[in-house]
Amino acid sequence: MVRAKQLDTALPSPQPPAEISTPWWRDRPPRRSSPFPPHIPGCRGQPAFRPRQNRMPSHPACPSLNPSILEWIRHFPKDAPREEEFDRLALGLFARQWEQVTPYRRWIQSRQKKEATPGHWTEIPAIPLAAFKEQNLRAFPDEETIATFHSSGTTGATPSRHHHHAASLDVYEVSLWRGFQHAVLAPSLQSAHLLCLSPSPRQSPHSSLVHMFETVKQRHPWIRAEYVAMADPAGLWHLDLKRLSDALHRSCHDGVPALLLGTAFMFVHALEYFARAGLTFSLPPGSGLMETGGYKGRSHAWPKELLHDRLSKFLGLPREQILCEYGMCELSSQAYDAAGGLAPSANRRFQFPPWARIQVVSPETERPVPDGETGLLRVLDLANVGSVCALQTEDLVIAHGQSFELRGRSANAEPRGCSLSAP
């Protein structure tokens, strides 16, 4: 896997504007004897890397977006893409991002190893997440940026930045909402009280998790919906424990199911308060809870089994109605370990919606490992239309087909995630 420092040193000097605006594979097909563009340092004598196809229909407001991607997401789960269709869309999206995302193209060109022209989505180069810290990876002009989401990192660390313009933000919101509807929004929650254990978007405008909560809040007719945390000037999140307790008491009194959304670390804070105050609740039938993120090295780290046991005990929730989500600011789709608002009691595995697919690769060789073996997670997300669709994460997983078990993070990975926003 290419690390951040490696990426810095690997990038060649910027190319003249004329060559960037006129891709070499269009007007200057490589000669058979020397198939590599001479202006790319270190590439002479190596095979050329180029996309196979770039002639696909596009959205008028977003050239990298094939309208078929948006239609599939909107109609999920009725029209899940077939393998060959996913492959065709992925290669088309990659071809456009190769053209439009200059740092991505330069990173591919500068890799000092043999590359093959991708003929399948699994061969599309997956850029390390560290690149989102070092480069502005966007397939649109800077002045069109309307939202930028940051990863939560340790103090002093450079956060990842995922930029969106209007069209890519639309796709992101449709993607997160359709995935959330399918995995979390059970029929019993159609009339429910939504409690978000986070600050509002006004206080945390660069949090992709808060933007996700706000999208969920806006797209469904909740009986009540509220944020029960606030952010201090340093950006740290603090639960309003009295407000949370009052909201839970109100749901119990009114017999209205509650849906709680938050990070694992915020739920630990709530449970510690409930224990100190001697509070327990019996939430109405049909209530649910979605937790996301780990502890990122914080002191209040509880094993997931213990956390879910205590949430079940203090809130009166069945264990199968406590769900987990896997997401990050660099992605536009999320994986869940549940469907229809219910998680299996055993063998809980994450799965992305069908417009995002995974590979697990060896940290040493970057080659795919067999199902059942531990490796690094790669995700190809068709909803990442405004940046780069193929990402190399630092998370260790075990794959079972297109589902996976999260086993932790690689030894050299930096702590990250919204739990770092909790004090």
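Residues numbered from 1 in each chain as written. Predicted model: local features only at pLDDT ≥ 70, side-chain atom pairs only at ≥ 80, totals over all residues. Heavy atoms only, no water.

## A look at the overall build of the protein
Part 1 of the reasoning: Tallying secondary structure elements over the protein gives 12 helices and 16 strands in all.
Part 2 of the reasoning: Looking at the protein as a whole, 56% of its 423 residues are labelled buried.
Part 3 of the reasoning: Restricting the contact set of the protein to residue pairs at least 6 apart, pairs at least 24 apart contribute 70%. (Helix = DSSP H or I, 4+ residues; strand = E, 2+ residues; numbered from the N terminus. Buried < 20%, exposed > 50% of the residue type's maximum accessible area, 1.4 Å probe, protein only. Contact = heavy atoms within 4.5 Å.)

## Structural notes on helix α12 (residues 304-315)
Part 1 of the reasoning: An ideal rise of 1.5 Å per residue puts 16 Å on 12 residues; α12 measures up with 16 Å between its terminal C-alpha atoms.
Part 2 of the reasoning: Considered for burial, the residues of α12 that qualify are Leu307, His308, Leu311, Ser312, Phe314 and Leu315.
Part 3 of the reasoning: The inward-facing, buried residues of α12 abut α10 (241-254), β8 (258-263), α11 (264-277), β9 (288-292) and β10 (322-326).
Part 4 of the reasoning: Where α12 terminates, the next one or two residues include Gly316, which has phi positive at roughly 70°. (Expected span 1.5 Å × (residues − 1).)

## Overview of unusual backbone geometry
Part 1 of the reasoning: Positive phi, close to 50°, is recorded for Asn347, a residue that is not glycine.
Part 2 of the reasoning: Relative to the elements of secondary structure, Asn347 occurs in the loop between β11 (335-336) and β12 (350-351).
Part 3 of the reasoning: Phi is positive for Glu366, which is not a glycine, with a value near 65°.
Part 4 of the reasoning: With respect to the helices, strands and loops of the structure, Glu366 is situated in the loop between β13 (356-361) and β14 (374-381).
Part 5 of the reasoning: By relative accessible area, which is 18% here, Glu366 ends up buried.

## Looking at the packing of aromatic side chains
Two measures describe an aromatic ring pair: the distance that separates the ring centres and the angle between the ring planes.
Part 1 of the reasoning: On inspection of all chains with the given rule, the structure shows 14 aromatic pairs.
Part 2 of the reasoning: Ring geometry for Phe76 and Trp355: centres 5.0 Å apart, planes at 90°, overall edge-to-face. With Phe76 in the loop between α4 (67-75) and α5 (83-100) and Trp355 in the loop between β12 and β13, this pair connects stretches of sequence that are 279 residues apart.
Part 3 of the reasoning: Measuring from ring centre to ring centre gives 6.2 Å for Tyr104 and Trp107, while their planes differ by 15°; the resulting arrangement is stacked. Here the residue Tyr104 and the residue Trp107 both occupy positions in helix α6 (residues 102-110), the gap between them amounting to 3 residues, near one helical turn. You'll find Tyr104 and Trp107 in the same group, each marked buried.
Part 4 of the reasoning: One aromatic cluster is present, built from ring pairs that chain together Phe94, Trp98, Tyr104 and Trp107.
Part 5 of the reasoning: In this arrangement the basic side chain of Arg310 is found over the ring face of Trp302, its NZ or CZ atom lying 4.5 Å from the centre. (Phe/Tyr/Trp six-rings, centres within 6.5 Å; stacked < 30°, edge-to-face > 60°. Lys NZ or Arg CZ within 6 Å of the ring centre and 35° of its normal.)

## Comments concerning the side chain of His220
Part 1 of the reasoning: Among the structural elements, His220 can be located in the loop between α9 (208-218) and β5 (224-227).
Part 2 of the reasoning: There is a polar contact of 2.9 Å between the side chain of His220 and the backbone oxygen of Gln190.
Part 3 of the reasoning: If we skip the residues at most four places from it in the chain, His220 touches Trp177, Leu185, Leu189 and Gln190. (Polar contact = N/O pair within 3.5 Å; in protein donor to acceptor, adjacent residues only side chain to side chain.)

## Examining the pattern of salt bridges
Part 1 of the reasoning: All told, the structure shown has 15 salt bridges when counted by the stated rule.
Part 2 of the reasoning: Here Lys242 makes a salt bridge to Asp246, at a shortest N to O gap of 2.9 Å. Note that Lys242 and Asp246 are positioned in helix α10 at a spacing of 4 residues, about one turn of the helix.
Part 3 of the reasoning: Look at Lys242 and you get exposed, because its relative accessible area is 56%.
Part 4 of the reasoning: Glu405 is paired through a salt bridge with Arg407; the nearest N and O atoms lie 3.4 Å apart.
Part 5 of the reasoning: A cluster of three or more residues bridged by salt bridges with shared partners is formed by Glu226, Arg243 and Arg250. (Salt bridge = Lys/Arg side-chain N within 4 Å of Asp/Glu carboxyl O.)

## Comments concerning the nonpolar core
Part 1 of the reasoning: Of all hydrophobic cores here, the largest spans 60 residues; its most connected members are Phe180, Leu244, Leu248, Leu260, Leu261, Phe274 and Leu315.
Part 2 of the reasoning: Per-element tally for this core: the top contributor is α11, with 7 residues.
Part 3 of the reasoning: Among all residues touching Leu261, those that are not within four sequence positions of it are Phe180, Leu194, Leu195, Cys196, Leu197, Phe213, Val216, Phe267 and Met290. (Core = buried A, V, L, I, M, F, W, Y, C linked by side-chain atoms within 4.5 Å.)

## Things to note about the environment of Ala346
Part 1 of the reasoning: You can see Ala346 is positioned in the loop between β11 and β12.
Part 2 of the reasoning: Look at Ala346 and you get partly exposed, because its relative accessible area is 46%.
Part 3 of the reasoning: Ala346 sits 26 residues away from Glu320 along the chain, and the two C-alpha atoms are 9.5 Å apart.

## Some thoughts on the environment of Leu271
Part 1 of the reasoning: Within the fold, Leu271 resides in helix α11.
Part 2 of the reasoning: Judged by its relative accessible area of 2%, Leu271 falls in the buried class.
Part 3 of the reasoning: Sequence separation between Leu271 and Leu315 is 44 residues, and the spatial gap between their C-alpha atoms is 9.3 Å.
Part 4 of the reasoning: With near-sequence residues (within four places) excluded, Leu271 lies in contact with Trp302, Leu307, Arg310, Leu311 and Phe314.

## Topic: the confidence of the model for the protein
Part 1 of the reasoning: Looking at the protein, pLDDT values average 82 and 76% of them are 70 or higher.
Part 2 of the reasoning: By mean pLDDT, helix α3 (residues 24-27) is the weakest element of the protein at 34, and strand β4 (residues 193-196) is the strongest at 98.
Part 3 of the reasoning: Segment residues 1-47: pLDDT under 50, and 76 contacts once partners within four positions in sequence are set aside and those in other chains are kept. (pLDDT = per-residue confidence, 0-100.)

## With respect to the packing of α11 against α12
Geometrically, a packed helix pair is captured by the angle between its two axes and the distance between the axes.
Part 1 of the reasoning: Contact geometry for α11 and α12: axes closest at 11 Å, N-to-C directions at 45°. With respect to α12, the axis of α11 lies oblique. The two elements α11 and α12 cross, and the hand of that crossing is left-handed. Of the residues in α12, those touching α11 at Ala264, Phe267, Val268, Leu271, Phe274 and Ala275 are Leu307, Arg310, Leu311, Phe314 and Leu315. (Axes fitted to C-alpha atoms, helices over the stretch in contact; angles between N-to-C directions. Parallel < 35°, antiparallel > 145°, perpendicular 65-115°, else oblique. Left-handed = near helix turned anticlockwise from the far one by under 90°.)

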